[in-house]
Amino acid sequence: MALTPDDVVTKQFQHVRFKDGFDPDEVDDFLDEIVIEWRKALEENVELKAKLAAYESGATPAAEPAVEAPAAEVAAPAPVVEAPQEPAPSGSATATAGIIELAQRLHDEHVAEGEAKRNQLIADAENEVNRIRSEAEAKQREESARLERERNTLEARITELRNFERDYRSQLRGYIEGQLRDLDEKSASTDSTPVSAIGL
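Residues numbered from 1 in each chain as written. Predicted model: local features only at pLDDT ≥ 70, side-chain atom pairs only at ≥ 80, totals over all residues. Heavy atoms only, no water.

The subject of this paragraph is the overall build of the chain. Across its full length, the chain holds seven helices and zero strands. A sequence separation of at least 24 residues applies to 38% of the contacts in the chain between residues at least 6 apart. Accessible surface, the chain: about 17400 Å² in total, of which carbon and sulfur atoms supply 59%. (Helix = DSSP H or I, 4+ residues; strand = E, 2+ residues; numbered from the N terminus. Contact = heavy atoms within 4.5 Å. Areas by Shrake-Rupley, 256 points an atom, 1.4 Å probe, with all protein chains shown as cover.)

Quick look at the structure:
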């Protein structure tokens, strides 16, 4: 019976009664099967490597057909080896071309995505700059209007105070001049009165 890797993985051993573990005889038998199959596989591997080396070097094994197999069977492996070697480069080239094409496509997508992201960031930044500029200009206009109103108010107040000062000076001058006239009149009347009339 040919032993497969699945046989090794799925192998179930019988438990031994009255003690832990598996039946040692059953495990030994299974290990012997593994060793036999493994040795066969190694021998076949060595044989196939030798045939492949002989085929690649161009030598034709002459002793093997007489000992192991008829001439028809010896000629058969040659086309089998040739068949995989011819399509292999084209398949490999196709796979390589596919990988390069995929890499190029991914590269182009990443570049396009990066450019779109960059354009979006630039557009957002420009919009933000325009918004800040608009807000600053509106604030500047508002502040200028407020300062203009304050200036007009102050100018009106200054004009009002100057008018008040002018009126006050006029009134004060009139009052002082009136007082001086009164003093002059009293002084003149006192000078014209006789001393006897004053009671001296």
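So much for the structure itself; the text now carries on.
All told, the structure shown has 10 salt bridges when counted by the stated rule. Several salt bridges converge on common partners, so that one network encompasses E128, R131 and E135. (Salt bridge = Lys/Arg side-chain N within 4 Å of Asp/Glu carboxyl O.)

Before going further, it helps to spend a moment on the packing of aromatic side chains. The tally for this structure, following the rule as stated, stands at one aromatic pair. Relative to Y168, the ring of F164 lies with its centre 6.2 Å away and its plane at 20°, an arrangement referred to as stacked. Of this pair, F164 and Y168 both sit in helix α6 (residues 87-192), four residues apart, which is roughly one turn of that helix. (Phe/Tyr/Trp six-rings, centres within 6.5 Å; stacked < 30°, edge-to-face > 60°.)

As a further point, take a negative patch on the surface. Side chains of D25, D28, D29, D32 and E33 sit close together on the surface and give a patch of like negative charge. Its location among the elements puts E33 in helix α2 (residues 24-57). Classification of E33 by relative accessible area gives partly exposed; the value is 35%. (Patch = residues over 30% accessible without salt bridge, like charges linked within 9 Å, V, L, I, M, F, W, Y side chains within 5 Å. Lys, Arg positive; Asp, Glu negative; His and termini not counted. Charge placed at Lys NZ, Arg CZ, Asp CG, Glu CD. Buried < 20%, exposed > 50% of the residue type's maximum accessible area, 1.4 Å probe, protein only.)

Now for α2. With 34 residues, α2 extends 49 Å between its outermost C-alpha atoms, agreeing within 8% with the 50 Å of an ideal straight helix rising 1.5 Å per residue. The complete set of buried residues in α2 reads F30, I34 and E37. Where α2 terminates, the next one or two residues include G58, which has phi positive at roughly 90°. (Expected span 1.5 Å × (residues − 1).)

Among the surface-exposed residues, F164, Y168, L172, Y175, I176, L180 and L183 lie close enough to one another that they form a single nonpolar patch of about 760 Å² accessible area. Counting through the fold element by element, L183 comes out in helix α6. Looking at L183, the relative accessible area reads 53%, which means it is exposed.

Below, the discussion takes up the confidence of the model for the chain. Scored by pLDDT, the chain comes out at a mean of 77, with 73% of its residues at no less than 70. Between residues 62-90, whose pLDDT stays under 50, and residues either more than four places distant or in other chains, the model counts 12 contacts. (pLDDT = per-residue confidence, 0-100.)

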